[in-house]
Amino acid sequence: MRDLQSLQAEIAQLKEELSVTIVAHYYQKDEVFEIADITGDSLELAKRAKESESEWILFCGVGFMGQSVKILAPHKRVAMPKIACCAMARMIDSTYFDASVQYMVDHGIDKEEILPITYINSGAEVKAKVGQMGGSVCTSSSAVKIIEKALQSGKKILFVPDKCLGQNVARMMGLKSCVIGEGECDPKEADIICYNGFCSVHQLFELKDVEFFRKRYPGIKIAVHPECKPEVCEAADFVGSTSQIIRYVQSLDPEQKVAVGTEYNLVHRLRPKNTYVLSATKPECPTMNETSLEDVANTLKAIKEGAPLNEIFVDDETIKWARVALERMFEYLEG
Ligand code: 13P
Ligand code: SF4
């Protein structure tokens, strides 16, 4: 195994020789995060990676993120040091998506009256289905705005796959939501009908953790990601995407204590003092943590040798419709 310094030197050398942009999500390990050209939340990464001028994008993140770049910029070549799949994105495929639409139809909603919104944490096939039905992608930072726009259509929103994000947005907007398969979910009675998916990492944060920190450090602020459970988000002082959490914590007085409910790698590099992980466990995303610096070096070497590893391919028809759903998000955000 090569040591960190020689890997960093090898990567710097390969970057000089190749037309490649290295992109990393905030949840990546420090060693990977530090060598990236572009870092950010899922919305920023999708936008900036498609705009980059290099031939290759080396995406350090989870599968749907690399796929989104390929969909938005099909002429680019995208490789991932590890094709690690987000556990939530795996909870839905096109068959389960169709079954959710059918659930609403069986409960008296015409298919034409359904507008699907998919969280960007989903596979290309699901995004394509959503695009075909006139719907849009959203990210954690854009969800409220996208749902506001979508509701102007007067249709019922089918929100996939994250039930927590769907319920949290509904609460923030004063709307009614229900979750298919959880208790009575009558699509006629709700504005947002959520699929039953979730993030296993963000499920680790509990209301009792919020209560514990509030009791232990009176006056502490609590900031959480909207993939956390609704009762946790309701009890927090701030709910936002990874970038929004970073900006919130940076805006606080350095003496202000804050406990943060999101992935460990992001929280531990947030601020040297007065910052806590809102959990007694270490909330690491196992798939985000699969990528190592050695994988990055190996993937760059493979590009140089003309035998790329883990290149992302999506078929043309899927790209066509998934792109419609992704571009609609950008249109909604600009409009
Ligand atoms: P962001 O949109 O905040 O980057 O979140 C992506 C994600 O996977 C969080 O678990
Ligand atoms: Fe997926 Fe959760 Fe990991 Fe985010 S933290 S990439 S939602 S498994």
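Below: a short report on this structure. Computed from a predicted model, the values in this text were never measured in an experiment. (Residues numbered from 1 in each chain as written. Chains lettered and ligands numbered in written order. Predicted model: local features only at pLDDT ≥ 70, side-chain atom pairs only at ≥ 80, totals over all residues. Heavy atoms only, no water.)

1. As for the side chain of Glu-263
Step number 1: With respect to the helices and strands, Glu-263 occurs in the loop between strand 12 (258–261) and helix 12 (264–268).
Step number 2: The charged side chain of Glu-263 is buried without a salt bridge, its nearest counter-charge being Arg-269 at 6.8 Å.
Step number 3: Within the structure, the side chain of Glu-263 is placed 2.7 Å from the backbone nitrogen of Asn-265, a separation counted as a polar contact.
Step number 4: Only 3.1 Å separates the side chain of Glu-263 from the side chain of Asn-289, close enough to count as a polar contact. (Helix = DSSP H or I, 4+ residues; strand = E, 2+ residues; numbered from the N terminus. Buried < 20%, exposed > 50% of the residue type's maximum accessible area, 1.4 Å probe, protein only. Lys, Arg positive; Asp, Glu negative; His and termini not counted. Salt bridge = Lys/Arg side-chain N within 4 Å of Asp/Glu carboxyl O. Polar contact = N/O pair within 3.5 Å; in protein donor to acceptor, adjacent residues only side chain to side chain.)

2. Remarks on the site of ligand 2
Step number 1: All residues adjacent to ligand 2 are Tyr-27, Val-62, Cys-86, Ala-87, Met-88, Asn-121, Cys-199, Val-201, His-202, Glu-227 and Cys-285.
Step number 2: For the shell around ligand 2, the per-class residue count stands at 8 nonpolar, 2 polar and 1 charged. (Near = heavy atom within 4 Å. Nonpolar A, V, L, I, M, F, W, Y, C, P; charged D, E, K, R; others polar.)

3. Quick word on the sheet that holds strand 11 (residues 238–239)
One key point about sheets: their strands pair by backbone hydrogen bonds, in either a parallel or an antiparallel sense.
Step number 1: Overall, parallel pairing links the 4 strands, which are arranged 11-10-12-13 in an open sheet. Each edge of the sheet is formed by a strand with only one pairing partner; in this case those strands are strand 11 and strand 13 (275–277).
Step number 2: The sheet contact formed by strand 12 and strand 13 spans 3 bridges and is parallel. Its bridge partner lying in strand 13, Val-260 is registered against Val-277.
Step number 3: Across the sheet, helix 11 (residues 242–251) lies against strand 10 (221–224), strand 11 and strand 12, angled at about 175° from strand 12, the strand it touches most. (Pairing = 2+ DSSP bridges. Contact = heavy atoms within 4.5 Å. Axes fitted to C-alpha atoms, helices over the stretch in contact; angles between N-to-C directions.)

4. Details of the packing of aromatic side chains
Step number 1: Summed over the entire model, instances satisfying the criterion amount to 6 aromatic pairs.
Step number 2: For the ring pair Phe-213 and Tyr-217, a centre distance of 6.3 Å and an interplane angle of 25° mean the geometry is stacked.
Step number 3: Since its relative accessible area comes to 7%, Phe-213 is described here as buried.
Step number 4: Ring geometry for Tyr-217 and Tyr-276: centres 4.7 Å apart, planes at 25°, overall stacked. Separated by 59 residues along the polypeptide, Tyr-217 in the loop between helix 9 (207–216) and strand 10 and Tyr-276 in strand 13 bring together distant segments of the chain.
Step number 5: By relative accessible area, which is 19% here, Tyr-217 ends up buried.
Step number 6: When its relative accessible area of 21% is taken as the criterion, Tyr-276 is described as partly exposed.
Step number 7: Among the aromatic side chains, those forming a connected cluster through ring pairs are Phe-212, Phe-213, Tyr-217 and Tyr-276. (Phe/Tyr/Trp six-rings, centres within 6.5 Å; stacked < 30°, edge-to-face > 60°.)

5. Quick look at the packing of helix 6 (residues 124–132) against helix 14 (residues 316–334)
Step number 1: Contact geometry of helix 6 with helix 14 gives a least axis separation of 7 Å together with a crossing angle of 70°. Of the possible angle classes, the one that applies to helix 6 and helix 14 is roughly perpendicular. As for the relative orientation of helix 6 and helix 14, their crossing is left-handed in sense. Contact with helix 6, carried on its side by Ala-124, Glu-125, Lys-127, Ala-128, Val-130, Gly-131 and Gln-132, involves Thr-318, Trp-321, Ala-322, Val-324, Ala-325, Leu-326 and Arg-328 of helix 14 and no other residues of that element.
Step number 2: When grouped by side-chain class, the residues that make up the contact of helix 6 with helix 14 number 8 nonpolar, 3 polar and 3 charged. (Parallel < 35°, antiparallel > 145°, perpendicular 65-115°, else oblique. Left-handed = near helix turned anticlockwise from the far one by under 90°.)

6. Quick word on the state of the cysteines
Step number 1: This model, assessed by the stated rule, comprises 1 disulfide.
Step number 2: Two residues share a disulfide in this structure: Cys-178 and Cys-185, whose sulfurs sit 2.1 Å from each other. The chirality of the disulfide connecting Cys-178 with Cys-185 is right-handed, given an S-S dihedral of about 55°. In this pair, the class of Cys-178 matches that of Cys-185, namely buried.
Step number 3: Not engaged in a disulfide, the cysteine Cys-85 finds its nearest cysteine sulfur in Cys-86; these two sulfurs lie 6.5 Å apart.
Step number 4: With no disulfide of its own, Cys-138 has Cys-194 as its nearest cysteine by sulfur position, at a separation of 11 Å.
Step number 5: On the basis of relative accessibility, which here comes to 0%, the residue Cys-138 falls in the buried class. (Disulfide = S-S within 2.5 Å.)

7. Re the sheet that holds strand 2 (residues 38–40)
Step number 1: One open sheet holds the 4 strands; their spatial order is 2-1-3-4, and the pairing between them is parallel. Two strands in the sheet have a free side with no partner beyond their single neighbour: strand 2 and strand 4 (77–79). The mean inter-strand angle of the sheet, taken between neighbouring strand axes irrespective of direction, is 20°.
Step number 2: When strand 1 (residues 20–25) meets strand 3 (residues 56–60), the two strands line up parallel, connected through 5 bridges.

8. Topic: the site of ligand 1
Step number 1: Neighbouring ligand 1 are the residues His-25, Tyr-27, Asp-41, Ser-42, Tyr-119, Asn-121, Ser-140, His-202, His-225, Glu-227, Ser-241 and Thr-242.
Step number 2: At 2.6 Å from an oxygen atom of ligand 1 is found a side-chain nitrogen or oxygen belonging to Ser-42.
Step number 3: Glu-227 has a polar side-chain atom sitting 2.9 Å from an oxygen atom of ligand 1.
Step number 4: When grouped by side-chain class, the residues that make up the shell around ligand 1 number 2 nonpolar, 8 polar and 2 charged.

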